[in-house]
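Secondary and tertiary structure notes
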Amino acid sequence: MPDLATHVLAVTPFLRKRGRRPELVLLGVVLPDLVGRISILLPAGPFFFWMDTALHTPLSAALVIFGLAMLFPEDRRRETILCLGFGAAFHFALDLLQKTVTYGPPWLFPFSWASFQIPLIWGDESFYFLPVLVLINVLVFGRPILAKLRGIGRRRRA
């Protein structure tokens, strides 16, 4: 769970100006983990373990994003694909920095099982970054919110 929170809190400051549809970017940033953990709902077995590995890859995320975009009206599909894709790309960029005990995700699946990483932190160490990420989010979003609240207070006094 700390990893999922890290993904969300890390992308949120970038949504202040850029994201026209921040809810889709946030869905995109958690989508690889949601799809890649589907075996929790299924019976235990080697096939379902393999399925988790295969579903937590960029190609699988692209296919899921494309499928989700088809649920939207035709004039919103491009924006949906871009927002979900940005979120998923951000997710995979953060995952690229994680150390793993075994081999990492097969980035080029199904073409290759090879994995590469920039091993900076363990996945469970992302918990230590949560206070910093919360502080960054408070600094990015707190200032405009405080300005609006001050403006409301001034209007009430007038």
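Right above here is the structure, for reference.
Being a predicted model, the structure only gives us computed values, none of them experimental. (Residues numbered from 1 in each chain as written. Predicted model: local features only at pLDDT ≥ 70, side-chain atom pairs only at ≥ 80, totals over all residues. Heavy atoms only, no water.)

1. A word on the overall build of the protein
If you tally the helices and strands in the protein, you get 6 helices and 2 strands. The order of helices and strands in the protein, counted from the N terminus, is α-α-α-α-α-β-β-α. The proportion of buried residues among the 158 residues of the protein is 33%. Nonlocal contacts in the protein, meaning residues at least 24 apart in sequence, comprise 55% of its contacts between residues at least 6 apart. In the form shown here, the protein has an accessible surface area of approximately 10500 Å², with 71% of it arising from carbon and sulfur atoms. (Helix = DSSP H or I, 4+ residues; strand = E, 2+ residues; numbered from the N terminus. Buried < 20%, exposed > 50% of the residue type's maximum accessible area, 1.4 Å probe, protein only. Contact = heavy atoms within 4.5 Å. Areas by Shrake-Rupley, 256 points an atom, 1.4 Å probe, with all protein chains shown as cover.)

2. A word on the packing of helix 2 (residues 22-35) against helix 5 (residues 77-96)
In helix packing, the relevant descriptors are the interaxial angle and the interaxial distance, both defined with respect to the helix axes. At their nearest, the axes of helix 2 and helix 5 sit 7 Å apart, and the two run at 50 degrees to each other. In this view, helix 2 runs oblique relative to helix 5, as classed from their interaxial angle. For the element pair helix 2 and helix 5, the recorded crossing hand is right-handed. Residue-level contacts link L24, V25, L27, G28, V29, P32 and D33 of helix 2 to T80, C83, L84, F86, G87, A88, F90, H91 and F92 of helix 5. Per-class residue counts for the contact of helix 2 with helix 5 are 11 nonpolar, 4 polar and 1 charged. (Axes fitted to C-alpha atoms, helices over the stretch in contact; angles between N-to-C directions. Parallel < 35°, antiparallel > 145°, perpendicular 65-115°, else oblique. Left-handed = near helix turned anticlockwise from the far one by under 90°. Nonpolar A, V, L, I, M, F, W, Y, C, P; charged D, E, K, R; others polar.)

3. Some details on the nonpolar core
Side chains that are nonpolar tend, in soluble globular proteins, to be buried together. Core analysis: the biggest nonpolar cluster contains 18 residues, and V11, V25, V29, I65, A88, F90 and F92 have the highest contact counts within it. Those elements that place two or more of their residues in this core are helix 1 (2-11), helix 2, helix 4 (58-69) and helix 5. Of the residues forming this core, the biggest block, 6 residues, is contributed by helix 2. In contact with F90, other than residues within four places in its own chain, are A10, V11, F14 and V29. (Core = buried A, V, L, I, M, F, W, Y, C linked by side-chain atoms within 4.5 Å.)

4. Comments concerning helix 2
With 14 residues, helix 2 should cover 20 Å at 1.5 Å per step; its first-to-last C-alpha distance of 20 Å lies within 8% of that length. At V29, helix 2 shows its largest kink, close to 35 degrees, and the proline P32 lies no more than four residues downstream. For helix 2, every residue scored as buried is listed here: L24, V25, G28, V29, V30, L31, P32, D33 and V35. (Expected span 1.5 Å × (residues − 1). Bend = angle between axes of the 7 residues up to and from the residue.)

5. Concerning the environment of W113
Checked against the element boundaries, W113 lands in the loop between strand 1 (98-99) and strand 2 (121-122). For W113 and A54, which are 59 residues apart along the polypeptide, the C-alpha to C-alpha distance reads 9.7 Å. Aside from chain neighbours lying at most four places away, what touches W113 is W50, T53, Y103 and P106.

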